[in-house]
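Examining the three-dimensional arrangement
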Amino acid sequence: MHHLGLTRSVRRANHALHTPDAFIRTQIPGMSKAAAVVHASPALGAAFTQYTAEMEAGGRLGACLHQRFLFVLEGAVEVSVGPGYELLVKGDYAYLPEATAHDVMASEPSRLAVIEKAYQKLRGVTAPEPIFSSEAKIGGQPLMGDLDLIVRSLLPDTVAFDFAVNTMTYQPGAGLSMVEVHVMEHGLLMLEGGGIYRLDEQWYPVTAGDFIWMGPYCPQWFGAIGKTPAKYLIYKDWNRHPLVQTK
Ligand code: UGY
Ligand code: MN
């Protein structure tokens, strides 16, 4: 169905909103029985890539040159690094360090949020090991003391990691206590609920299924609206000196 040329999707110099009505599926080399909706990439201005992988049973992601983080949105996938495999279901995730040979195969129709980023080594710091875990196992922290806004950090906050992926859960009516402006960029996937996102000088209604890219220094604020909590998965580059260019 068309909507007379209307969409909530926008692309601006330092932010973008990508809504499901505008998603186009594509193939990334190495993928089989799977398609990718590429939300963020260097073509947009991002220093990372984020896509939603939609996989048939038996579908595979293929190899990745860089670090890969995947979060199961729906279905079940088998992730192997060497012999044996981990079965990941909704809410589970994996971190695969750069240059880690691995295989990701869907055991049923599945959707994954996938983030890929070149690793910025730090002299004297050992690169991280693979991680398999689940959001449900991560303790939540109130953001700036707000019990209605809970952050779960899915990766350890140590300098070995050059990015963070968190979930943020807002009770209805909760919001960020300030407009943030920071050097880090974000890739954000709305998982549940909705609200209003301020990006630069615009305010956008957003809902589950939407993706947002925020470039460095993009003024940003979110307020949850509705009768159920709003929740998103959010990437940021992290723990590196700002003089080290990522693009
Ligand atoms: O971690 C963050 O920068 C986060 N508070 N930003 C956001 O939710 N837009
Ligand atoms: Mn932020």
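Conventions used here
- Residues numbered from 1 in each chain as written.
- Chains lettered and ligands numbered in written order.
- Predicted model: local features only at pLDDT ≥ 70, side-chain atom pairs only at ≥ 80, totals over all residues.
- Heavy atoms only, no water.
- Patch = residues over 30% accessible without salt bridge, like charges linked within 9 Å, V, L, I, M, F, W, Y side chains within 5 Å.
- Areas by Shrake-Rupley, 256 points an atom, 1.4 Å probe, with all protein chains shown as cover.
- Salt bridge = Lys/Arg side-chain N within 4 Å of Asp/Glu carboxyl O.
- Helix = DSSP H or I, 4+ residues; strand = E, 2+ residues; numbered from the N terminus.
- Buried < 20%, exposed > 50% of the residue type's maximum accessible area, 1.4 Å probe, protein only.
- Near = heavy atom within 4 Å.
- Polar contact = N/O pair within 3.5 Å; in protein donor to acceptor, adjacent residues only side chain to side chain.
- Donors = N, O, S within 2.8 Å, 3.2 Å for Na, K, Ca; no water.
- Tetrahedral: all angles 85-135°; square planar, octahedral: opposite > 155°, others 65-115°.

Some points on a nonpolar patch on the surface
Residues Val-179, Val-181, Val-183 and Tyr-217 make up a contiguous nonpolar surface patch of about 340 Å² in total accessible area. On the secondary structure map, Tyr-217 appears in the loop between strand S18 (211-214) and strand S19 (220-225). A relative accessible area of 52% places Tyr-217 in the exposed class.

Quick look at the site of ligand 1
Around ligand 1 sit Met-168, Leu-176, Glu-180, His-182, His-186, Tyr-197, Gln-220, Tyr-232, Ile-234 and Lys-236, and those are all the residues in its vicinity. At a separation of 2.7 Å, a nitrogen atom of ligand 1 approaches a polar side-chain atom of Glu-180. Take Tyr-197: an N or O atom from its side chain is 2.9 Å from a nitrogen atom of ligand 1. When ligand 1 sits alone it has 270 Å² of accessible area, and the protein chains cover 93% of it.

Describing the coordination of the manganese ion (ligand 2)
The protein atoms that coordinate the manganese ion (ligand 2) are Glu-180 (OE), His-182 (NE2), His-186 (NE2) and Gln-220 (OE1), at distances of 2.1 to 2.3 Å. Its six donor atoms give the manganese ion (ligand 2) angles of 76 to 175° at the centre, a pattern that matches the octahedral case. Counting residues between consecutive donors of the manganese ion (ligand 2) along the chain gives the motif E-x1-H-x3-H-x33-Q.

Remember, this is a structural readout, not a statement about activity or role.
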